[in-house]
Amino acid sequence: MSTSAVRRVVPAFVGLAALFAAWQVYVSVNDVRPQLLPSPWRVVTQGWAQRDVIATNAVATLQVTLVGFALSLTIAWLLAIAIDFSGLLRRALVPMFVTSQTIPIIVIAPLMITWFGFGLMPKILLVTLATFFPVAIGLIEGFASTDRDAGSLLRSMGASRWQQFRYVRLPNAMPRFFTALRIGITYAVVGAIFAEYAGAESGLGIYMARQKGMFRTDLVLAAMFVTAAISIVLFLLTYLVERILAPWVRMERVNL
């Protein structure tokens, strides 16, 4: 790890360590009941004792997250490209995308369970709905922000509409796409957890709901920390994907 990366990471770790230390001291000094607020040490030890169960549920949540987000990415890319090639589609679909965000997921979730049961399908669809909008809008706005002079230059050289898209509009959209990707992947984990709360047989969401019903606040927090860890890992992986697929984006960011 480079020195600059260490300088960025160390303050976050120091801040977290201070927060957990203060939490531990508060619980110990005030003798707070574990059902109300368990100490960090209790959360860690009890979570470790339940590691196999938590890991099994984490895998179920991760599966829903990745499949739902992959479906969201596929649909977002297809529609964003179609909209970029058609002004009529832009005027017809973009207002619908915006309107879809006014409908709370909490309203849609029970309907999904009613229509599709308690299997994977409703959870995958809820993750897709939760993540589609930021990715699609990021791509649409990225394509639209292309420098007109670059497009005019390619047209003067006889480039087709597809060639203009491939060599100018697509690379230009990558910074906004990866920003939207990072927003979307965090929404995906939250959407998967919420979908499991609404109805599921396994997953961190249903695990937390069950432990909450048994007043096991320590295990609820343990599962919550695992959820946060999954979100952070997936978020960081987007930078790796960016570096592999669009290295010029990172170079532009460094040069700013």
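Procedures and definitions
Residues numbered from 1 in each chain as written. Predicted model: local features only at pLDDT ≥ 70, side-chain atom pairs only at ≥ 80, totals over all residues. Heavy atoms only, no water. Helix = DSSP H or I, 4+ residues; strand = E, 2+ residues; numbered from the N terminus. Buried < 20%, exposed > 50% of the residue type's maximum accessible area, 1.4 Å probe, protein only. Contact = heavy atoms within 4.5 Å. Areas by Shrake-Rupley, 256 points an atom, 1.4 Å probe, with all protein chains shown as cover. Lys, Arg positive; Asp, Glu negative; His and termini not counted. Charge placed at Lys NZ, Arg CZ, Asp CG, Glu CD. Arc of directions from axis to C-beta. Patch = residues over 30% accessible without salt bridge, like charges linked within 9 Å, V, L, I, M, F, W, Y side chains within 5 Å. Salt bridge = Lys/Arg side-chain N within 4 Å of Asp/Glu carboxyl O. Axes fitted to C-alpha atoms, helices over the stretch in contact; angles between N-to-C directions. Parallel < 35°, antiparallel > 145°, perpendicular 65-115°, else oblique. Left-handed = near helix turned anticlockwise from the far one by under 90°. Phe/Tyr/Trp six-rings, centres within 6.5 Å; stacked < 30°, edge-to-face > 60°. Lys NZ or Arg CZ within 6 Å of the ring centre and 35° of its normal. Nonpolar A, V, L, I, M, F, W, Y, C, P; charged D, E, K, R; others polar.

Chemist: Can you help me understand the overall build of the protein chain in this one?
Modeler: When its secondary structure is counted, the protein chain shows 11 helices and zero strands. What you see in the protein chain, going N to C, is helices and strands ordered as α-α-α-α-α-α-α-α-α-α-α. On the principal axes, the C-alpha backbone points of the protein chain span a range of 75 × 55 × 30 Å. Residue burial in the protein chain is summarised as follows: out of 256 residues, 36% are buried. When contacts within the protein chain are restricted to residue pairs at least 6 apart in sequence, long-range pairs at least 24 apart make up 70% of them. As displayed, the protein chain has an accessible area near 15,000 Å², and 70% of this comes from carbon and sulfur atoms. For the protein chain, the separation between the mean place of its 21 positive charges and that of its 11 negative charges on side chains is 2 Å.

Chemist: I tried to follow helix H2 (residues 40-49) on my own but got confused; where do I start?
Modeler: Each α-helix winds once per 3.6 residues, and so residues spaced three or four apart point in a common direction. Within H2 the residues assigned to the buried category are Pro40, Val43 and Gly47. The buried residues of H2 occupy one face: seen down the axis, they fall within an arc of 60°. Exposed and oriented more than 90 degrees from the buried face of H2 are Trp41, Trp48 and Ala49.

Chemist: Explain unusual backbone geometry here, please?
Modeler: The general pattern is negative phi for most residues beyond glycine and trans for most peptide bonds. In the Ramachandran plot, Asp31 falls in the positive-phi region, its phi being about 50° despite a non-glycine side chain. With respect to the helices and strands, Asp31 occurs in the loop between helix H1 (3-30) and H2. Accessibility expressed as a relative area gives 68% for Asp31, which makes it exposed. Unlike most non-glycine residues, Phe215 shows phi in positive territory, near 60°. Along the chain, Phe215 falls in the loop between helix H9 (204-213) and helix H10 (217-245).

Chemist: Where do I start with the side chain of Thr128 in this structure?
Modeler: On the secondary structure map, Thr128 appears in helix H6 (residues 120-144). Contacts of Thr128, omitting those with residues within four sequence positions, involve Gly68, Leu71, Ser72 and Ile75.

Chemist: Which parts of the structure should I look at to understand a nonpolar patch on the surface?
Modeler: A cluster of nonpolar side chains, namely Val233, Leu237, Leu240, Val241, Ile244 and Leu245, defines an oily patch on the protein surface of about 550 Å² accessible area. Here Leu240 is to be found in helix H10. For Leu240, a relative accessible area of 45% puts it in the partly exposed group.

Chemist: Teacher, can you tell me more about the packing of helix H5 (residues 105-116) against H6 here?
Modeler: In a pair of packed helices, the angle between the axes and the distance between the axes together describe the arrangement. Direction vectors running N to C along H5 and H6 enclose 150°, while the axes themselves pass 9 Å from each other. Relative to H6, H5 is oriented roughly antiparallel. In terms of crossing hand, the pair formed by H5 and H6 is right-handed. Contacts between H5 and H6 involve Ile105, Ile108, Ala109, Met112, Ile113 and Phe116 from the former and Met121, Pro122, Leu125, Leu126, Leu129 and Ala130 from the latter.

Chemist: Whenever I open this one, the pattern of salt bridges confuses me. Can you help?
Modeler: Side-chain pairs of opposite charge can arise whenever the charged atoms involved come near each other. Within this structure, the stated rule accounts for four salt bridges. For Asp218, the salt bridge identified is with Arg42, shortest N-O distance 3.0 Å. Here the residue Asp218 occupies a position in helix H10, and Arg42 occupies one in helix H2, the gap between them amounting to 176 residues. Look at Asp218 and you get buried, because its relative accessible area is 2%. Between Arg169 and Asp84 there is a salt bridge, with the nearest N and O atoms lying 2.8 Å from each other. With Arg169 in helix H8 (residues 161-198) and Asp84 in helix H3 (residues 51-85), this residue pair connects regions lying 85 residues apart in the sequence. For the pair shown, Arg169 and Asp84 are each scored as buried.

Chemist: Looking at this structure, I do not really get the packing of aromatic side chains. What am I missing?
Modeler: Here the structure, examined in full by the defined rule, presents nine aromatic pairs. Ring geometry for Phe235 and Tyr239: centres 5.7 Å apart, planes at 70°, overall edge-to-face. Of the two residues, Phe235 and Tyr239 both sit in helix H10, four residues apart, roughly one turn of that helix. Residue Phe235 is classed as partly exposed on the basis of its relative accessible area, which comes to 28%. Three or more aromatic residues joined by ring pairs make a cluster, and in this case those are Trp77, Phe143, Phe177 and Phe178. Its end group placed over the ring of Tyr239, Arg182 keeps NZ or CZ at 3.9 Å from the ring centre.

Chemist: It is not clear to me how the packing of H3 against H6 should be interpreted in this structure. Could you clarify?
Modeler: Interhelical geometry of H3 versus H6 gives an angle of 35° and a closest axis separation of 6 Å. For H3 against H6, the interelement crossing comes out right-handed. A class-by-class count of the residues in the contact of H3 with H6 yields 22 nonpolar, six polar and two charged.

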